[in-house]
Amino acid sequence: MLETSTTTNDKQRLTETVTQFIIDRVSQKVFRPGDSLPSEADLARQLNVSKPVVREALGRLAALGIVQIQQGKPTTIQGLTVAPLDQFLRLAVRTIDNGLREAIELRRAVETEIAALAAERATPLQIEQVEIALDKMKRNIDGSLEQWLQADFAFHVALARCSDNTLFEHFMEALGDTIRFTQRALGLQRDLRDPAATFARHEAIVDALKAKDPTAARAAMITHFAFTDAVVAEIARDHRRLDRF
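From a predicted model like this one, the values you see are computed outputs, not experimental measurements. (Residues numbered from 1 in each chain as written. Predicted model: local features only at pLDDT ≥ 70, side-chain atom pairs only at ≥ 80, totals over all residues. Heavy atoms only, no water.)

## Some details on the packing of helix H6 (residues 124–139) against helix H7 (residues 145–162)
Where H6 meets H7, the axes come as close as 8 Å, and the angle between the chain directions of the two elements is 165 degrees. Regarding the angle of H6 to H7, the classification is roughly antiparallel. In this structure, H6 crosses over H7, and the sense of that crossing is left-handed. Residue-level contacts link Gln-126, Ile-127, Gln-129, Val-130, Ala-133, Leu-134, Lys-136 and Met-137 of H6 to Gln-147, Trp-148, Gln-150, Ala-151, Asp-152, Ala-154, Phe-155, Ala-158, Leu-159, Arg-161 and Cys-162 of H7. Of the residues in the contact of H6 with H7, the class split is twelve nonpolar, four polar and three charged. (Axes fitted to C-alpha atoms, helices over the stretch in contact; angles between N-to-C directions. Helix = DSSP H or I, 4+ residues; strand = E, 2+ residues; numbered from the N terminus. Parallel < 35°, antiparallel > 145°, perpendicular 65-115°, else oblique. Left-handed = near helix turned anticlockwise from the far one by under 90°. Contact = heavy atoms within 4.5 Å. Nonpolar A, V, L, I, M, F, W, Y, C, P; charged D, E, K, R; others polar.)

Here it is in C-alpha cells:
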C-alpha cells in the first residue's frame, strides 16, 4: 500500500488523493449524477490505500454535496448542489462584523452584472417571469410585507435566470438565504423605507430589460443598491434595529 506510515500528514495526503480522484472523474463525466461508486474495498484496492482513507475521503465529498452516503447502500454521485456555499454564507453574514453591509456589497457586485447580461440575453418568457414578480410587488406596496418580500426575492432570482449564465444562477441560489436576510433587514425599517420608490427602481430595471439595454440595466441596478446605503448606515449606527427580526 501507499501508506508506509501512520502519520497524520500521510493520511491527509492520501485522503486528498482519493478525494481528488473522485472529483476528477466527476468533472470528466466518468461518474455522473445518480451513478453508484465502487465499494470502499474496491476503491481502496484500485487506489492502493486503506479503507479508512477511502471512508474519510467519501465523508469530505459528502460534506461538499458531491456524493450521498446511505447506510447499507452504495454511495452515489449527486448533481451540483450549492448547499455548502449556502451554509457558509448563511453563517458568515450573521457572524462577521458588518455582515449586513458586506452582504449587500456582495449582492451589488453580482447582481449589477446579472442585470446587464439579462438585458442582452433574456427571452420573452424569462422577462415575463420577472414581470410577474414585479406585479406582485406592486400589489403589495401598501399590503403584506411578507408577500412583498417573497415577490422581491422572486424578482431577483428570475432576473438571474435571464442572464443565461448557469454559474450566476447557482450562485444566486447559494445566496438565497443571504438575499432574504438583507431584504428582511431593510424591509423591517418601516420608518426608513419607501416601498413606492423601491418599486420604481425595480420597474426601471425591467424597462431596461425589455429595451435590451445592458448599460441602462446596469445603471438601474447600481441606482437600486445605492438607495440602500443610507438605511444600512442607520442600522450600523443603531444595532437595535436588527432586533426587529
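## A look at helix H10 (residues 195–210)
In a regular helix each residue adds 1.5 Å, so 16 residues correspond to 22 Å; H10 covers 23 Å between its end C-alpha atoms and thus fits that length. Among the residues of H10, Pro-195, Thr-198, Phe-199, Arg-201, His-202, Ile-205, Val-206, Ala-208 and Leu-209 are the ones counted as buried. Summarising the contacts, the buried residues of H10 are in contact with helix H5 (99–121), H6, H7 and helix H11 (214–226). (Expected span 1.5 Å × (residues − 1). Buried < 20%, exposed > 50% of the residue type's maximum accessible area, 1.4 Å probe, protein only.)

## Quick word on unusual backbone geometry
Even without being glycine, Lys-29 reaches a positive phi, approximately 65 degrees. When you line up the elements, Lys-29 lands in the loop between helix H1 (8–27) and helix H2 (40–47). Take Lys-29: its relative accessible area is 53%, and that puts it in the exposed class. Here Lys-212, not a glycine, exhibits a phi torsion of approximately 55 degrees, which is positive.

## Thoughts on H11
Taking 1.5 Å as the rise per residue, H11 with 13 residues should run 18 Å; its terminal C-alpha atoms sit 18 Å apart, in good agreement. The set of residues buried in H11 consists of Ala-217, Ala-220, Met-221, His-224 and Phe-225. All buried residues of H11 lie within an arc of 130 degrees about the axis, which places them on one face of the element. On its buried face, H11 is in contact with H5, H7, H10 and helix H12 (229–237). (Arc of directions from axis to C-beta.)

## Side note on the nonpolar core
Core analysis: the biggest nonpolar cluster contains 48 residues, and Ile-114, Val-130, Phe-155, Leu-159, Met-172 and Leu-209 have the highest contact counts within it. The element best represented in this core is H7, accounting for eleven residues. In contact with Ile-114, other than residues within four places in its own chain, are Leu-159, Ala-160, Ser-163, Phe-168 and Met-172. The next biggest cluster of nonpolar side chains, apart from the first, holds 17 residues, and it includes Leu-14, Leu-47, Val-49 and Val-54. (Core = buried A, V, L, I, M, F, W, Y, C linked by side-chain atoms within 4.5 Å.)

## Examining the packing of aromatic side chains
As enumerated under the stated definition, the model contains zero aromatic pairs in all. Sitting over the ring of Phe-153, Arg-180 keeps its end group 3.8 Å from the ring centre. The ring centre of Trp-148 lies 5.6 Å from the NZ or CZ of Arg-193, which sits over that ring. (Phe/Tyr/Trp six-rings, centres within 6.5 Å; stacked < 30°, edge-to-face > 60°. Lys NZ or Arg CZ within 6 Å of the ring centre and 35° of its normal.)

## Describing the environment of Asp-177
For Asp-177, the location among the structural elements is in helix H9 (residues 176–187). Sequence separation of Asp-177 and Gly-143 is 34 residues, and the distance between their C-alpha atoms is 23 Å. At 3.3 Å, the side chain of Asp-177 forms a polar contact with the side chain of Arg-90. (Polar contact = N/O pair within 3.5 Å; in protein donor to acceptor, adjacent residues only side chain to side chain.)

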